[in-house]
Amino acid sequence: MGNADNPFAALLADSKANINKELIEDIFLFTLRPQTRERSKERALLCLADVIVNDSSPETGMGEELLSHAVFERIMLGNTREYLIPGLNEEDAIQTDTIVYLHRAYIACEEFKQQRSNLAADCDAIRTLIITNVSTCMRQPDLFPGRAVCEQWRDIINISEEYCTRETMDFLVECIAKIYIDEETLEALGALKANFYPLLGKVQTEISQANLVTLKKKIFWLLNFFVKEKRTPQMGEILIDFTTPNPNANGAAYMDTLIGQLFSISILPKNQNGPYEFFGDFTLDSRHTDPALWECMANHQNSLFMLIKQLLMQDANNKQKMLEWFAKCLHANVSRGHLWNNLNTGLDNLLKQNASDAFVLLVDPTYCGVIEEERQKKSVSMLKAYEETCLLPVEENEKRLTADKFNFVTELFFLTHKAYELSYKASIERFIQMTRELHNMQSAYQDVINTDPNNDFAKNLLRMLKEQMQPYLCLCNCLMEPENDTAILKFFEASAIWLTEISLISAENYAGCVNRSDFAPHTRNNFELPEEIEFTPRTLCSVPESIIDNIVTYLNFSRHFPSGQYIQMYPSSHEAFFKMIILFMGSSKLVKNPHLRAKLAEALEFFLPKRATGAPFQTHIFDSHPERLKVVPSLLNVFVSIEMTGQSVQFEQKFKYRRPMYAIMEFLWTKEEYVQCFRNLAVEAESNMEAIEPPIFLRFINLLINDAIFLLDESLENLQQIRQLQEAQANGEWDNLTESERQQHHSNLHQLGNYARFDNILGRDTINLLKLLTTEIKSIFCHKSMVDRITSMLNYFLLNLVGPQKEKFKVKDKKEFEFDPANTVLEICHIYINLSSSDSFCLAVSQDGRSYSSQLFSYTENILIRIGGGQLIGEMAEFAGKVQKMENQYKQEQECLAEAPEEYLDPIMSTVMTDPVILPSSKVTVDRSTIARHLLSDQTDPFNRAPLTMDKVIPNETLKNEIQTWLAEKRAACSNENLIKS
């Protein structure tokens, strides 16, 4: 086309032709000047003189209008190679991807501006032109040749990882700003989504097809471009909107989103049904952890952490949208009861750098008290937070106090705990179940191969064992990854500090919080634990039980960690957890739920020295913590609380809770300062035996005796049935049964064995604790309200274990059932000897009509000789002589008191009353010691179940005087008769 007919020719005469032509050629890689051989030696160019206009003028500049048309015509070209002047970097010159081409031009423009300051104004004009064309291309991409815009942006972002990162980000920022200038806000955002949604869709597909090892690092580099620049919050909004499912989506829908897919990548499979991709090749004795996988997991979590952190920090709108995403995802998964993968990875890691005292003290405890109608107004993202079960119940007609508004830290705190509850806690429960199942399967496999290793059943068991080991090892390694564990540990340490601070606030400071409508602690006071809780802040009505439960679950699970690893490395966390446990474990004023307080006792067991092989667990918490001695009353309080009326729990559950308490008390008994605590509590109890509220130590030993009676009795009954079944099987009686009947008998035998094992373990621990206590504390066991119970228990079990009926409990494989009758006999003998100095104890032993006879201790001596207890024979013989002497004296006295009037006899014990009292409701008269003993376990009138405490009983002084007069007369008469006989 000649210039005479070219509409662009007039622009050549533009008087404002002030943009340097060489600069234009260097940046845009095209020229309007005729081709020359010399220029081709420098770099490749497109000669567009015939396409746009032939510029043969000697002018060194070009007008902006002509340049604008020229650039537009250049980016519209599809057949660029036809106009190529060969030279260096030809691919850049012939580039047909509009945004890629303009991005390179933008980078070149910035470089020239830095190098040639005299052309800075020209560079600025060129940059504006570039951005204008990018805006046009992104708003109307179908007009331009080349690949889809999303693919071009992906290449640009990926290349920027290697060079020009800052310039590329500036390019993106300016492009987005220009689009928002050219369009209304909604249209601009729509244009961006139209370009970037396809890119994010392809990224999501790639993530869904990758695993922890194969996921490309460039994925995170690309996604970071959406979130790391605060000047372009629109990009973060696009990412969040893309990854947000519809409002009614279920839990699985969230896991299928882009962010959900990233959270799903771990050592575990993305779906509960697999497939499992790691630990496929292993032997039963192979290493159970893989540090290489841990490193991959830590790197992935750190990358995900940075992505979420930057998104939350990008701007307020994106922060709120991201929090709502987490909140809705968690709520959608509540109905499932758990999240298959560790969704909370991002949240836990988000907090790991900030979970300090200062951070956590900003958390307001009233967050979960906000009702649905006020949720948005008060910045509460978590859905139905007000439905959480909290540490204390709300009283009738009470409205929970809440802050006016909640900060970002408070949101993160409660969302993280909810995420842990639904993910890690559920996974830990599954891990424990799998551990138990694998142990049973391994035991069965060993039993089979020991008898017939080539048995088909053994091969099937081995195959099943390997199939179960792979998911087990994947779950184990996922839960035990050290870096993530550190993040969780520090978060829970901060949570424990926070719980202690908000619970020990004074009434005065609490009133100030109410006035300010701000209940966060803000500063750490490090309160000393009080002897008695005098003020209970009502904010605890809004603190979910799950916060304590999460900490407890973590500590209990940590027992599975190898010695010397993880939590054991952080002594500061020991102090925070120890203080929290002591505070909440023993106080129903702070935690209403007895199950939760019992779980705290389980958590306390974590701090005991481990008896496993390898390096022992090192902690000095029981020796150095300033509040350590308060652990004894706290422990006894929770021991008693799971039994008391109104806080009762199922019987088997109760003993499960008490098992770790026995272990803790046995350990404490090795340290003199704790033994002295027990002694002090016993002295206090003896001074207040008839108090309205029975002393804690009195209730404790009463329940110990109850436990021992129940457990040993149940054990003996189960062992008797086991013996009967074993004899029937050995005698061939099962041979005539049908297959289903034999299976039923096997099942019964297995079930009885489990019951017996459970009862024997706990019964052994209970008797051992009684033995320890009676070595130092004696008089309270010999008090008139206790002595009959402990002696009847000791006599009954000793008779069954050493007397004529002992063969009924002789079973095969006693170790399988944890049945150790020899040890139990020795323990019982030690208790006898410990208390033998008390005349009332010796007398009570002799007066047990059910189990005691003069032969009891003869049987015992024979057994002691056989079981290696010869060192006790002398002391037991001395004790037996004293019991016999007390029995003879008592018989003489009872002969004198024969034919006592019925109204003098206790209606429950049928013995002569010494201190009769009238029960106010039923009006029945009983002996004071009898009703005092009854009320230790059941605070009701035994005759009509009406509520009753010792302060309500009415002394029957008239009857007491009558009985004392009658006793004096009877004793005097007997004394005279004895004188006459002598």
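In this text, all values refer to a predicted model and were calculated from it rather than measured experimentally.

Asker: For this particular structure, what's the right way to read the nonpolar core?
Answerer: Generally speaking, nonpolar side chains in soluble globular proteins are found buried as a group. Counting 291 residues, the largest nonpolar core has F28, F30, F697, F700, L773, Y832 and F857 as its most contacted members. Take this core: its biggest share by element is 16 residues, from helix α30 (residues 696–730). Shared between two domains, this core takes at least three residues from each, and those domains are domain 1 (9–192) and domain 2 (692–896). In this structure F697 touches L636, F678, L681, A682, A685, L773, I777 and I780, once residues within four positions along its chain are discounted. Among the nonpolar cores identified, the runner-up in size contains 9 residues, and V917, I931, A932 and M950 belong to it.

Asker: Is there a simple way to think about the side chain of K21 in this case?
Answerer: Considering the arrangement of structural elements, one finds K21 in helix α1 (residues 21–28). Among the residues examined, K21 registers a relative accessible area of 3% and is labelled buried. Setting aside anything within four residues of it in sequence, one finds K21 in contact with D55, S57, E59, T60, G61 and M62.

Asker: When you look at the domain arrangement of the protein chain in this model, what are you seeing that I'm missing?
Answerer: It is common to give the size of an interface as the accessible area lost on bringing the parts into contact. Entries for the protein chain in the domain assignment read domain 1 (9–192), domain 2 (692–896) and domain 3 (902–981). Just the C-alpha atoms count here: the centres of domain 1 and domain 2 sit 96 Å apart.

Asker: Explain the packing of aromatic side chains to me, please; I cannot follow it from the model alone.
Answerer: The way to describe two aromatic rings as a pair is by their centre distance and the angle between their planes. This structure, assessed with the given rule, holds 43 aromatic pairs. Taking 5.2 Å as the distance between ring centres and 55 degrees as the angle between the ring planes, the aromatic pair formed by Y106 and F171 counts as tilted. Of this pair, Y106 sits in helix α5 (residues 98–115) while F171 sits in helix α8 (residues 165–182), and the two are 65 residues apart along the sequence. By the burial criterion, Y106 is buried, and F171 matches it.

Asker: What is the right way to read the UniProt feature "domain: U-box" (unreviewed entry) in the protein chain from this model?
Answerer: Here the UniProt-annotated "domain: U-box" (unreviewed entry) positions come out as residues 899–973. With 36% helix and 11% strand, residues 899–973 has end C-alpha atoms that lie 14 Å from one another.

Asker: What exactly am I supposed to notice about the sheet that holds strand β8 (residues 954–955) here?
Answerer: Strand pairing in a sheet takes place through backbone hydrogen bonds and is either antiparallel or parallel in direction. On the basis of which strands lie adjacent, the open sheet formed by 3 strands has the order β7-β6-β8 and antiparallel pairing. Of all strands in the sheet, those with a lone pairing partner are β7 (925–927) and β8, marking the two edges. Those strands touched by helix α37 (residues 928–937) are β6 (916–918), β7 and β8, and its axis lies near 85 degrees from that of β7.

Asker: Which parts of the structure should I look at to understand empty space enclosed by the protein?
Answerer: Rolling a probe over the atoms, with the probe sized like a water molecule, indicates the empty space that remains. Evaluated as defined, the whole model comprises 7 cavities of 30 Å³ or more. A volume near 120 Å³ is recorded for the largest cavity. If you go around the largest cavity, the residues you meet are L712, S715, L716, N760, R764, F797, L801, E818, F819, D820, P821 and T824. When contributions to the lining of the largest cavity are tallied by element, the ones reaching two or more residues are α30, α31 (739–776), α32 (787–802) and α33 (821–835). Here the lining of the largest cavity gets 3 residues from one element, more than from any other, and that element is α30.

Conventions we followed
- Residues numbered from 1 in each chain as written.
- Predicted model: local features only at pLDDT ≥ 70, side-chain atom pairs only at ≥ 80, totals over all residues.
- Heavy atoms only, no water.
- Core = buried A, V, L, I, M, F, W, Y, C linked by side-chain atoms within 4.5 Å.
- Buried < 20%, exposed > 50% of the residue type's maximum accessible area, 1.4 Å probe, protein only.
- Helix = DSSP H or I, 4+ residues; strand = E, 2+ residues; numbered from the N terminus.
- Domains from an automatic or database assignment.
- Contact = heavy atoms within 4.5 Å.
- Phe/Tyr/Trp six-rings, centres within 6.5 Å; stacked < 30°, edge-to-face > 60°.
- UniProt positions renumbered as here; feature names shortened; annotations may be inferred.
- Pairing = 2+ DSSP bridges.
- Axes fitted to C-alpha atoms, helices over the stretch in contact; angles between N-to-C directions.
- 1 Å grid on protein atoms, 1.4 Å probe; cavity = no way out; pocket = protein on both sides within 12 Å on 5 of 7 lines; lining within 4 Å.
- Points joined across faces, edges and corners; volume = space filled by probe spheres on them.

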